[in-house]
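# Fold and contact review
So you can see what is in the structure, the chains are spelled out below.
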Amino acid sequence: MTPTSLKRRLSLWGSALLVTCTLPACMSNRAPEESAQMEVAQKPTTLQAREAPAPQGDVAAQAPEPEVDESEGLEYAPVEKAPAISARPLGSASVAAEMPMAGAPPPAPGKGEMRAMRRVPPKLAMAQPDPKDRMDDADRASAERGNSFEAWKPNTFVDTVKDPLSTFAADVDTASYAVARRYLVQGNLPPASAVRVEEFVNYFKYRYTPPESGAFTVHLEGAPSPFDDKRHFVRVGVQGKVLSRSQRKTAHLVFLVDTSGSMNSQDRLPLAKEAIKLAVKNLNENDTVAIVTYAGSTRDVLAPTPATDVKKIHAAVDSLSSGGGTAMGSGMEMAYKHAVKKASGSVVSRVIVLTDGDTNIGPNLGAESILGSISKYVAEGVTLSTIGFGMGNYRDDLMEKLANKGNGNCFYVDSYKEAKKVFETQLTGTLEVIAKDVKLQVEFNPVAVRRYRLLGYENRDVADNDFRNDKVDAGEIGAGHNVTAVYEVELTGDTKESLATVRVRAKAPNGTEAAEQAFPFERGMLRKSVDAASPGFRFAVAVAASADILRGNPAAESWSLATAQKLAEGSVEGDADRGEFVRLVTQARALMGASARGH
């Protein structure tokens, strides 16, 4: 066992007392189980971790989220005007309100807090060995029984002179944040491979002004870094147009429910059944619902039924029970065959998978095999949402791949509160795609920017020369969604030239050719201090930095969670989700402090 692995294992047990002191209302009284520690190889590698069953209850209080019309950041007219995207002047942001921290005061920042506890190894000259070869027997056994995540090597700084282009696909998934929240609530640091920065950042809503016309607007803002006085952060925000429930297209939803034996716990199938009922409650009168299940075999539980026939749908949902193996591949094939029958330009036909991601029997076991069997249906317009439940054998890596290739979204539901957010608050945005194959490209000006790095989006990377290749698959943006990306940059000095040009390329929902627009990131868009930036900017930076620290990015080695927490506290603005994040950072500080002290 490596010293780091031993230290981490001991810390998880020793932090139980800190957990109860820090978040008394949120913590389970169960002792934390072991969590596997693995190094991240240069290429993506499947990592696994193990944890105890989830506690019941939510982290944050069920406080209503206030409606605020005030916008934030800066919004700019495009270089070349196109009908797909609009921009207009933006008013000033509201003043941030400071929120008191829950629980006992966090420990003072120290050496353990300034350093992320996991490291990404340097590039290896020779072939990569199996990561399990670097683990002892106990760690290997725990990994083989536990949850699986795909590790991605963090983006490093790029010299602008050598490569001024940064290109990536839009991503509105939020599963990573919900998974990490569950780990923290149970008194464990999340595995480094479970943390995807962009999904942390995009879990939260930012008050970007919606477009007056067109599909979306772009918002740009920058300010000095609170972690390094020689660097700045810049934020690129894309806001999709907002549609009401009555404005969206008719939807045909095929719920594909995992009823295998692994779903037999309160936080899995019972919670999934409640999630379906929430979705049905928020559908329109012309929408239809079908239910397919899979375990040892697949079964048609409910033929396409009007959403208004609530009694019939609820009876079908209540009849579901768990048992048997997990033939996900066969279930996906059946669900897509149902969905494709109603797919058209006027109907949203979507398969919604509710599962712990485990698949162990049947003809298609891996993501690539499953995707190969359903690719023809994806091409005909059927979209996909993967909704994860449970822990202990959770296949996060599979769920994310399926959502990315299925032109959909990946969520994780750890509580009834999260189910309401996904199936009630965000349902219209999930169902109604307003732009597909959305790509962003930031071209930094070497006269103004010496180096840059993108925080996150490693698994959404697009080759620079594929930005205008409309055959290359990218991300989708739903109604009301916003996509936020954060860069850390080093400026060259006092030049008045623009920092960058931000380009957005996207197709209409049923289109085959993309439209492109460009937005200048002028020097005047930089604030003189981070305190002068909008609350949304400060909060996005706090979230991105916290995620980078939690995943052990060497680039964030000198950063402090205490600084990130202070930045977030000053930009909560009464938002319940943001307040919950502050409390989770408090918990993470306690756990990382305990790990550094060897408890």
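The notes below deal with the structure included here. None of these values were measured; they are calculated from a predicted model. (Residues numbered from 1 in each chain as written. Predicted model: local features only at pLDDT ≥ 70, side-chain atom pairs only at ≥ 80, totals over all residues. Heavy atoms only, no water.)

### Some remarks on the sheet that holds strand E12 (residues 383–388)
The strand order across the open sheet formed by 6 strands is E10-E9-E8-E11-E12-E13, and the pairing between neighbours is mixed. The open sheet has two free edges, formed respectively by strand E10 (298–306) and strand E13 (409–412), since each of these has just one partner strand. Each adjacent strand pair in this sheet contributes to an overall mean axis angle of 15°, direction not counted. Pairing of strand E8 (residues 250–258) with strand E9 (residues 288–294) involves 7 bridges; the strand directions are parallel. Within E9, the residue paired with Asp 258 across the bridge is Tyr 294. (Pairing = 2+ DSSP bridges. Helix = DSSP H or I, 4+ residues; strand = E, 2+ residues; numbered from the N terminus. Axes fitted to C-alpha atoms, helices over the stretch in contact; angles between N-to-C directions.)

### Details of the packing of aromatic side chains
Enumeration over the complete set of coordinates arrives at 17 aromatic pairs. On the basis of an interplanar angle of 80° and a centroid distance of 5.8 Å, the ring pair of Phe 204 and Phe 581 is categorised as edge-to-face. Here the residue Phe 204 occupies a position in the loop between helix H6 (197–201) and strand E6 (216–224), and Phe 581 occupies one in helix H16 (residues 576–597), the gap between them amounting to 377 residues. Taken as a pair, Phe 204 and Phe 581 share a single burial class, namely buried. Taken together, the aromatic side chains of Tyr 177, Phe 200, Tyr 203, Phe 204, Phe 539 and Phe 581 make up a single cluster linked through ring pairs. When the ring centre of Tyr 203 is taken as reference, the NZ or CZ atom of Lys 421 above it lies at 3.5 Å. Positioned over the ring face of Phe 539 is Arg 578, at 4.8 Å from the centre of the ring. (Phe/Tyr/Trp six-rings, centres within 6.5 Å; stacked < 30°, edge-to-face > 60°. Buried < 20%, exposed > 50% of the residue type's maximum accessible area, 1.4 Å probe, protein only. Lys NZ or Arg CZ within 6 Å of the ring centre and 35° of its normal.)

### Description of the packing of helix H7 (residues 269–281) against helix H12 (residues 416–425)
Relative orientation of the contacting elements H7 and H12 amounts to 35°, with a least axis distance of 9 Å. Viewed along their axes, H7 and H12 form a crossing whose handedness is right-handed. Across the interface between the two elements, Leu 271, Glu 274, Ala 275, Leu 278, Ala 279 and Lys 281 of H7 pack against Tyr 416, Ala 419, Lys 420, Phe 423 and Glu 424 of H12. In terms of residue class, the contact of H7 with H12 is built from 7 nonpolar, no polar and 4 charged. (Left-handed = near helix turned anticlockwise from the far one by under 90°. Contact = heavy atoms within 4.5 Å. Nonpolar A, V, L, I, M, F, W, Y, C, P; charged D, E, K, R; others polar.)

### As for the nonpolar core
Generally speaking, soluble globular proteins have nonpolar side chains that are buried together. Membership of the largest hydrophobic core comes to 45 residues, with the highest contact counts inside it found for Phe 200, Phe 204, Phe 233, Trp 559 and Phe 581. Within the residue set of this core, elements represented by two or more residues are helix H5 (175–185), H6, helix H14 (535–550), helix H15 (561–569) and H16. Top contributing element to this core by residue count: H14, with 11 residues. (Core = buried A, V, L, I, M, F, W, Y, C linked by side-chain atoms within 4.5 Å.)

### A few points about the environment of Thr 586
The topology assignment puts Thr 586 in helix H16. Measuring from C-alpha to C-alpha, the distance between Thr 586 and Gln 565 comes to 7.4 Å, with 21 residues separating the pair along the chain.

Geometric descriptors of this kind do not, in isolation, establish any biological role.
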